[in-house]
Amino acid sequence: MSSVPAQATPRRAATADPPPLYRVDDLEAEARRRLDPVHRDFFAGGAGDERTLRANETAFDGYRILPRVLRGGGERDLRIELFGETLPMPVLVSPTAFHRLAHPQGEVATARAVGAAGTVMVVSMAATTPIEAVAGAADPPARLWFQLYPQPDLGFTASVIRRAEAAGCRALVVTVDSPVFGRRDRDLRNGFLDLPPGCRCENMRDPESGRVRDIVMDATLDWARIEWLRETTRLPIVLKGILHPADARLAVEHGVDAVLVSNHGGRQLDGAPASVDALPAVVAAVGGRIPVLLDGGIRRGTDILAALALGAVAVGIGRPVVWALAARGEPGVRQLLDLLRAELARAMTLAGAVRPADLTREMILDRVPV
Ligand SMILES: Cc1cc2nc3c(=O)[nH]c(=O)nc-3n(C[C@H](O)[C@H](O)[C@H](O)COP(=O)(O)O)c2cc1C
Ligand SMILES: CC(C)CC(=O)C(=O)O
């Protein structure tokens, strides 16, 4: 039970602790003040006119939560099961490139915060810290999944997968929405081309030459390659970037273990639907055969609640993690995950749900005029 005023935050004594965090969006404002404007634009930006980028967040305005009352239930239980493991909450860290542009400790800081929260960090293939160092960074260790852009060089792709497996990654997240790099006007205008000296995509280091390869976006990628991946690893495979229900069905047919409904945070095909708008049809197509995840525009506990009620098993967060990292380093990412957990628990309590499984489709009114 919580006693009123449940929201009061004690006045702060002078301390080294980071200032309290009231809302996820505050981190963005704080990060913007600290970041090099070119890097800020890289993190914030999307493709084309950024229609999809904007839609990811505003789409949540079109859904309303129809609460149930008098259901009791006491303490909320946010745990979910995914690939045979219990996660403490249905929130994952989606893969984002170049954490060392946000903070000197980069992916190490992120992994430590995720380890403390007990949830999953999906490490980007474009991480600026080698996967082995990310895996060794956190105590307790973070649950890591590895994000892969399948490379046309199959031998190299297999070697990256072996590294991820050896480092203890527990799933492979294969990004399928990037047959070519999205055209991002902000980066073009800023001439953002190269990482600063000493900052590299360490997971792209060639095991033979020691050279760091460029990431190739491969327009020849097709379902045969997914079959090849299925034969190449025993890790669960998550396809990231599914929006069309027909592709969700094909994913199931190809033995994929989960789909992640995503438009890459609006950075690939501008004009694609907001992730949450694409979710219900994907959930219907999958029909419970594999878990459906979602990322894009999650900024509030109520956004998580809506996505779960619409059928997602868990959600991913991208930019908020980068903002938290840039603004406050590891403590910032911890605060972000704590805040989202608390917001979700409160929203579930107000909506009459004890656990994620209690969130059902009838609790969402959609096509609300905004
Ligand atoms: C700066 C940035 C870098 C990203 N890097 C990757 C990446 O390396 N691989 C990938 O699959 N997705 C990448 N994404 C997409 C995210 O995984 C995720 O789909 C998206 O950020 C979710 O939307 P949100 O930022 O609104 O939470 C990136 C997104 C951003 C903003
Ligand atoms: C630099 C890219 C490889 C990372 C990415 O996927 C992105 O920026 O959206």
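As the structure is a computational prediction, the values presented were derived from the model and not from experiment.

About the criteria used
The numbers attached to residues start from 1 for each chain and follow its sequence in the written order. Written order decides the labels, with chains lettered from A and ligands numbered from 1. A pLDDT threshold of at least 70 governs which residues receive local features in this predicted model, and a stricter bar of 80 or more applies before side-chain atom pairs are shown or counted, although totals over entire chains, interfaces and linings include all residues. With hydrogens and water stripped out, all remaining heavy atoms of the structure feed into the side-chain values. Numbering goes from the N terminus for both helices and strands, where a helix is a DSSP run of H or I of at least four residues and a strand is a run of E of at least two. Both definitions apply: the radius of gyration is a C-alpha atom measure, and the globule rule equals 2.2 Å times residues to the power 0.38. Working definition: with a 1.4 Å probe on protein chains only, accessible area under 20% of the residue-type maximum means buried, over 50% means exposed, and in between means partly exposed. The Shrake-Rupley method, run with a 1.4 Å probe, gives the accessible areas here. Residue values count only the displayed protein chains as cover. Here, strands pair whenever DSSP counts at least two bridges between them. Call a crossover right-handed when, viewed with both strands pointing away from you, the route from the first strand across the helix to the second goes clockwise. Think of pLDDT as the predictor's per-residue confidence, scored from 0 to 100. Here, expected helix span is obtained from the residue count minus one, scaled by 1.5 Å. What makes two residues a contact is simply this: any of their non-hydrogen atoms within 4.5 Å. What qualifies as a polar contact is a pair of N or O atoms within 3.5 Å, subject to a donor-acceptor requirement within protein and to the restriction that residues adjacent in sequence count only when both atoms come from side chains. Whether a residue is near a molecule or strand is decided by its heavy atoms; if any one of them lies within 4 Å of it, the residue is near. Put simply, buried Ala, Val, Leu, Ile, Met, Phe, Trp, Tyr and Cys residues joined by side-chain atoms within 4.5 Å make one nonpolar core. Each residue gets one of three labels, nonpolar for Ala, Val, Leu, Ile, Met, Phe, Trp, Tyr, Cys and Pro, charged for Asp, Glu, Lys and Arg, and polar for the others, Gly among them. Take a side-chain nitrogen of Lys or Arg and a carboxyl oxygen of Asp or Glu: if they are within 4 Å of each other, that pair is a salt bridge.

Attention now goes to the overall build of the protein chain. Per the secondary structure count, the protein chain includes 13 helices and 12 strands. A compact globule built from 370 residues should have a C-alpha radius of gyration of about 21 Å, and the protein chain, at 20 Å, falls within 12% of that. Overall, the protein chain is about 65 × 55 × 40 Å in size when its C-alpha atoms are taken along their principal axes. Within the protein chain, the fraction of its 370 residues that count as buried is 53%. Element-wise, carbon and sulfur atoms account for 52% of the exposed surface of the protein chain, whose accessible area totals about 16,700 Å².

Taking every second residue as pointing to the same face, both faces of strand E10 (residues 292-295) are buried, with Val 292 and Leu 294 on one and Leu 293 and Asp 295 on the other. The sheet contact formed by strand E9 (residues 258-261) and E10 spans three bridges and is parallel. When the bridges of E10 are listed, Val 261 appears paired with Leu 294. Of the crossover connections in this fold, the one passing from E9 over helix H11 (residues 275-286) to the parallel E10 is right-handed.

Quick look at the confidence of the model for the protein chain now. In this model, the protein chain carries an average pLDDT of 96, and 95% of its residues clear a pLDDT of 70 or more. We note a pTM of 0.97 for the whole complex and an ipTM of 0.99 for its interfaces.

Take helix H7 (residues 154-166) next. With 13 residues, H7 should reach 18 Å at 1.5 Å per residue; the first-to-last C-alpha distance of 18 Å fits that figure. Those residues of H7 lying buried are Phe 156, Thr 157, Ala 158, Val 160, Ile 161 and Ala 164. Looking at the buried side of H7, the elements it contacts are strand E6 (143-148), strand E7 (172-175) and helix H9 (223-232). At the N-terminal end of H7, a side-chain oxygen is found 3.1 Å from the backbone nitrogen of Gly 155, two or three residues along, and the residue is Asp 153. In the segment just after H7, Gly 168 is the residue with positive phi, at about 95 degrees.

Our focus in this paragraph is the site of ligand 2. Within the structure, ligand 2 sits among Phe 42, Ala 97, Phe 98, Ala 126, Tyr 149, Phe 181, Arg 184, Met 217, His 264 and Arg 267. Between ligand 2 and the protein, one listed contact pairs an oxygen atom with a side-chain N or O atom of Tyr 149 at 2.2 Å. With respect to ligand 2, the side chain of Arg 267 contributes an N or O atom lying 2.8 Å from an oxygen atom. Computed on the free molecule, ligand 2 has an accessible area of 280 Å², of which 88% lies beneath the protein chains in the complex.

The next subject is the nonpolar core. Core analysis: the biggest nonpolar cluster contains 101 residues, and Phe 146, Leu 239, Val 259, Leu 294 and Leu 337 have the highest contact counts within it. Residues in contact with Val 259, not counting those within four places in the same chain, are Val 238, Leu 239, Ile 242, Ala 251, Val 282, Val 286, Ile 290, Pro 291, Val 292 and Leu 293. Counting 14 residues, the second largest nonpolar core, distinct from the first, contains Ile 80, Val 120, Trp 145 and Val 238.

Turning to the site of ligand 1, a few remarks are in order. Looking at ligand 1, there are 22 residues lining it, with Pro 95, Ser 124, Thr 175, Asp 295 and Arg 299 nearest. Residue Tyr 149 places a side-chain N or O atom 3.1 Å away from a nitrogen atom belonging to ligand 1. When isolated, ligand 1 has an accessible area of 600 Å², and the protein chains bury 98% of it. By residue class, the composition of the shell around ligand 1 is six nonpolar, 11 polar and five charged.

The next point concerns the pattern of salt bridges. Scanning all chains against the criterion turns up 23 salt bridges. Between Asp 77 and Arg 79 there is a salt bridge, with the nearest N and O atoms lying 3.0 Å from each other. The exposed category is assigned to Arg 79, whose relative accessible area is 52%. The salt bridge involving Arg 341 is made with Asp 338; its shortest N-O contact spans 3.0 Å.

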